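Residue-level structure breakdown
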Amino acid sequence: RYGTNSAVLTNLVYDIRGEGSLTTKHYIKLGGLAQNTTYYYEIVTSGSTDDNNEKHYSFKTGGAISPIASKIVSGKVFKKGGGIPSNDAVVYLRLKDTNASNDSGVSAWVSTRTNSSGSWSIDINTIRKLDGSGLFSYSISGDTIEVVVDGNEDGRGKKTADTSSTSSIDITLE
């Protein structure tokens, strides 16, 4: 449940894998959120509620952004040993300034899930600065794409690539 008033969480959203999915790692997709607004949430699962000891968890949305063009980064995730796709793994990606130009530090994390063939894709031109204030500015070459994958029971993996990379970022879980 979530909402803009921590005392009244009226919006209910389910794990995108369906209500009652048996997992300890949930993945939800929110839409229609207001700009520059703090949202509070709690996690309800298996009849119990985690409300952060009555403090509620929170996040703040950023302002409107206007990406100029798309730059899609994609890849595949494979189970241990390779060859077999990891379905429903969560892929996290962020950008890192490694050439000391444009925005310094790292971007905010973004995420997606793999499909039944283990494939994923993310538009890196829509990634925000860590504080959410705007788009993260990176160099077309010389900065780093960091990818971390949580494949639940299939394991975890990570990989980096240069922002100039046009090849698939494939990861085999360990």
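Values in this document were obtained by computation on a predicted structure and should not be read as measured data.

Positioned with a positive phi, Asn 53 is a non-glycine residue whose angle comes to about 55°. Summarising the element assignment, Asn 53 is placed in the loop between strand 4 (48–50) and strand 5 (57–60).

The biggest cluster of nonpolar side chains holds 19 residues, and the ones touching the most others in it are Leu 93, Trp 120, Ile 124, Ile 145, Val 147 and Val 149. Counting residues per element, the ones that place at least two in this core are strand 6 (72–78), strand 7 (90–96), strand 9 (119–123) and strand 10 (144–150). If near-sequence neighbours (up to four positions away) are discounted, Ile 145 is found in contact with Val 73, Leu 93, Arg 94, Leu 95, Ile 124, Lys 159, Thr 160, Ala 161, Asp 162, Thr 163 and Ile 169.

With that settled, consider the environment of Ala 69. Among the structural elements, Ala 69 can be located in the loop between strand 5 and strand 6. Classification of Ala 69 as partly exposed rests on a relative accessible area of 42%. In sequence terms Ala 69 and Asn 125 are 56 residues apart; their C-alpha atoms lie 6.9 Å from each other. When near neighbours in sequence (up to four residues on either side) are disregarded, Ala 69 contacts Asp 123 and Asn 125.

Let us look at the pattern of salt bridges. One pass over the full model with this rule turns up four salt bridges. With a closest N to O distance of 2.5 Å, Glu 146 and Arg 94 form a salt bridge. In this pair, Glu 146 is assigned in strand 10 and Arg 94 in strand 7, connecting sequence segments 52 residues apart. The class of Glu 146 is buried, set by a relative accessible area of 14%. Note that Arg 156 is salt-bridged to Asp 150, the shortest N-O span being 3.7 Å. Look at Arg 156 and you get partly exposed, because its relative accessible area is 45%.

The sheet built from four strands is open, its strands ordered 8-7-10-11 with antiparallel pairing. Whereas interior strands pair on both sides, the edge strands pair on one side only; in this sheet they are strand 8 (110–113) and strand 11 (156–162). Across the sheet, the mean angle separating the axes of adjacent strands is 20° when strand polarity is ignored. Sheet analysis places strand 10 next to strand 11, joined by seven bridges and oriented antiparallel. Bridge pairing links Val 149 to Gly 157 in strand 11.

Turning next to a nonpolar patch on the surface. Together, Tyr 92, Trp 109 and Val 148 make up a nonpolar patch on the protein surface, roughly 260 Å² of accessible area in all. Turning to its location among the elements, Val 148 is positioned in strand 10.

Further remarks concern the side chain of Thr 144. Within the fold, Thr 144 resides in strand 10. Only 3.2 Å separates the side chain of Thr 144 from the side chain of Thr 98, close enough to count as a polar contact. For Thr 144, the contacting residues outside a window of four places in its chain are Arg 94, Leu 95, Lys 96, Thr 98, Thr 160, Ala 161 and Thr 163.

Our focus in this paragraph is the sheet that holds strand 9. Adjacent strands of a sheet pair through backbone hydrogen bonds, lying either parallel or antiparallel. As summarised here, the arrangement of the three strands in space is 9-6-12, forming an open sheet in which the pairing is mixed. Edge positions in the open sheet fall to strand 9 and strand 12 (171–172), since each of these has one partner strand only. Across five bridges, the pairing between strand 6 and strand 9 is antiparallel. Residue Val 73 lies in a different strand from strand 9, and its bridge partner there is Ile 122.

About the thresholds
- Residues numbered from 1 in each chain as written.
- Predicted model: local features only at pLDDT ≥ 70, side-chain atom pairs only at ≥ 80, totals over all residues.
- Heavy atoms only, no water.
- Helix = DSSP H or I, 4+ residues; strand = E, 2+ residues; numbered from the N terminus.
- Core = buried A, V, L, I, M, F, W, Y, C linked by side-chain atoms within 4.5 Å.
- Buried < 20%, exposed > 50% of the residue type's maximum accessible area, 1.4 Å probe, protein only.
- Contact = heavy atoms within 4.5 Å.
- Salt bridge = Lys/Arg side-chain N within 4 Å of Asp/Glu carboxyl O.
- Pairing = 2+ DSSP bridges.
- Axes fitted to C-alpha atoms, helices over the stretch in contact; angles between N-to-C directions.
- Patch = residues over 30% accessible without salt bridge, like charges linked within 9 Å, V, L, I, M, F, W, Y side chains within 5 Å.
- Areas by Shrake-Rupley, 256 points an atom, 1.4 Å probe, with all protein chains shown as cover.
- Polar contact = N/O pair within 3.5 Å; in protein donor to acceptor, adjacent residues only side chain to side chain.

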